[in-house]
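A look at the structure
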Amino acid sequence: MHICIQWHDWFYQETDASSVDSASAATRRRRPRDRRRPPAAPPTPSTPQRISTEELAEALRPHLLSPKRMWAMGYPLEIKPTSTKAVVYINPPPRPRPLQLTTWDVNAPEFVPGGSQSDSGRGSWGSTPRSDSDEEADAVEHLCVRCDKIFRMTREGEYLVEETCAYHWGRVCGSDSRYTCCNSTLGSKGCSTARFHVWSGTRPGMNGPLEGYVRARSPKGGVYALDAEMCYTTAGLELASIAVIAADGRLVYKSLVKPSSPVVDHNTRFSGIRPRDLARATKTLRDVQNDILGFVGSDTILIGHALDNDLRALKLLHSAVVDTCALYPHSRGFPLRRSLRALSEELLGRSVQRGSAGHSPLEDARAAMDLVLLKVHEERANRTRLSNQLPMLQPYDPLISSA
Ligand SMILES: [Zn+2]
Ligand SMILES: [Zn+2]
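Attention here is on the structure that accompanies the text. (Residues numbered from 1 in each chain as written. Chains lettered and ligands numbered in written order. Predicted model: local features only at pLDDT ≥ 70, side-chain atom pairs only at ≥ 80, totals over all residues. Heavy atoms only, no water.)

As a further point, take the pairing of strand 15 (residues 301-304). Residues Ile301 and Ile303 of strand 15 are buried on one face, and the alternating residues Leu302 and Gly304, pointing to the opposite face, are buried as well. Inspection of the sheet shows strand 11 (residues 223-233) paired to strand 15 by three bridges, in the parallel sense. Bridged to alanine 225 within strand 15 is isoleucine 303. Taken together, the three bridges between strand 15 and strand 17 (residues 321-323) define a ladder with parallel strand orientation. The residue of strand 17 that forms the bridge with glycine 304 is aspartate 323. (Buried < 20%, exposed > 50% of the residue type's maximum accessible area, 1.4 Å probe, protein only. Helix = DSSP H or I, 4+ residues; strand = E, 2+ residues; numbered from the N terminus. Pairing = 2+ DSSP bridges.)

See below:
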C-alpha cells in the first residue's frame, strides 16, 4: 500500500515568479512558461458561459466552511466581532521522521515541548525565553520546518547560532518510507543544505492575538480564487507573491510583495520566488491588503487550496471561503490533505507544480477554481439526472405528443 505523507502542504504554498502587473495588462499577457506547457492536457471543466457568478455563489453556499471548521483547519479568526486582531489554531503536523524530539498534544492550548530533551519545561516554541544569561535571555525556540531541529533566535529575529540546515525537500512516500527527493530512507541525513534553519511563523496550538490583520467591511459580491506564495524570513513564512482570478479564469490581481522582515530563504523550489523577483517588488503587505479589499467584500466568496495558509500570509480575516482541501478530502480523513498537484492530475487531467521554477500562483489559483467548478457542475448534473429519472411525474410526454 502506498502512503504518502504530505505534511509539506501544511507549510509550503504554491508559487510563481510573478511581477507587479496591472490586472488588465497581465490578463492579456501569458508567461513564457505557460506557452511551454505541453498541450496534451484535456480541456478543463472551466465553463463560465454556463454559470453566472451569482449562480456560482449560490451553488457554493453549501460548501462554505463553518467557523468551527475554519478554526480546525488553521484559518485566522477574529478575537471578537469586528476586531482585526486574529487568533489561529495550528494543528501539529504529522511527523514522518522517526526521531521525534517531542510529543504533540493536539488539545493543548499552547504548544509546549514534551520533555524528552534536557529542557526543564520552561521552553515554549516562539514564546518563552529559556535562558537567564544576558546573552540569551531574549532567546526563543523555533522548530525548523525543513529538518525538524529546534533552533534559537532572539526576539528581534537574530540567529543565536549559525547552523547549517540539512534537510530533504521531498515528501516521504511508499511502503518503504523513502523521500521523493533522493529516494533515501526515512530518517537519513538530508540531501540538501541551507545556511539557516527556517520556521513557519506559527507554532502548534494557539497563536495570537495577532496584529496587522484586515477585513472587508461592506459587501461587494463576486467569487474569486486566490493563491499566495511565501518566503522564509526571520519572522517565519511571509507573503511574497499573490494572484487572484475570477471564475472565468481571468486574472484579477497579481503582485509581488516585499516581506517586512529580512529574507532567510526564498524557498524558490516551492515558491518560485527568486532573489531578483523580490528585489523589484515595490508593494508592501499593507499595499496588497488595500488592493485586495478594493474588490473583495465581506460576502465575496474566496476559493483556494489550503486557503488558510494564504489568508494567514495575507493577514486577511474572511469568513466566506471554499477550500478544495475540504471539498475533496483525504481518504484517511482530516487533518491529512490531498495535494493540489494530485487533485489536478486526477480530476482535471492537468499537471501543476511540475516545473523546476517552482509553483505558479496563477496556475494554482486556476486549478483551485476549476476543481470547484468541477464539483458544482457535477452536482448540477446529478440533480438533472435525478429529475430525469422521474418521467412519470412530468406533465408533458414527448412520445405521446409526437404519436
Ligand atoms: Zn532527500
Ligand atoms: Zn533546519
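Because the α-helix completes a turn every 3.6 residues, residues three or four places apart line up on one side. Taken together, the buried positions of helix 8 (residues 285-293) are Val288, Gln289, Ile292 and Leu293. One side of helix 8 holds all its buried residues, which, seen down the axis, span an arc of 135°. Buried residues along helix 8 sit against strand 10 (214-215), strand 12 (236-246), strand 13 (251-256), helix 9 (307-314) and strand 16 (316-317). (Arc of directions from axis to C-beta. Contact = heavy atoms within 4.5 Å.)

Spatially, 1-2-9 is the arrangement adopted by the three strands of the open sheet, whose pairing is antiparallel. Sheet topology places strand 1 (77-78) and strand 9 (205-210) at the edges, where each strand pairs with a single neighbour. Direction of pairing for strand 2 (residues 86-90) relative to strand 9: antiparallel, over a ladder of four bridges. If you follow isoleucine 90 over to strand 9, its bridge partner there is glycine 205.

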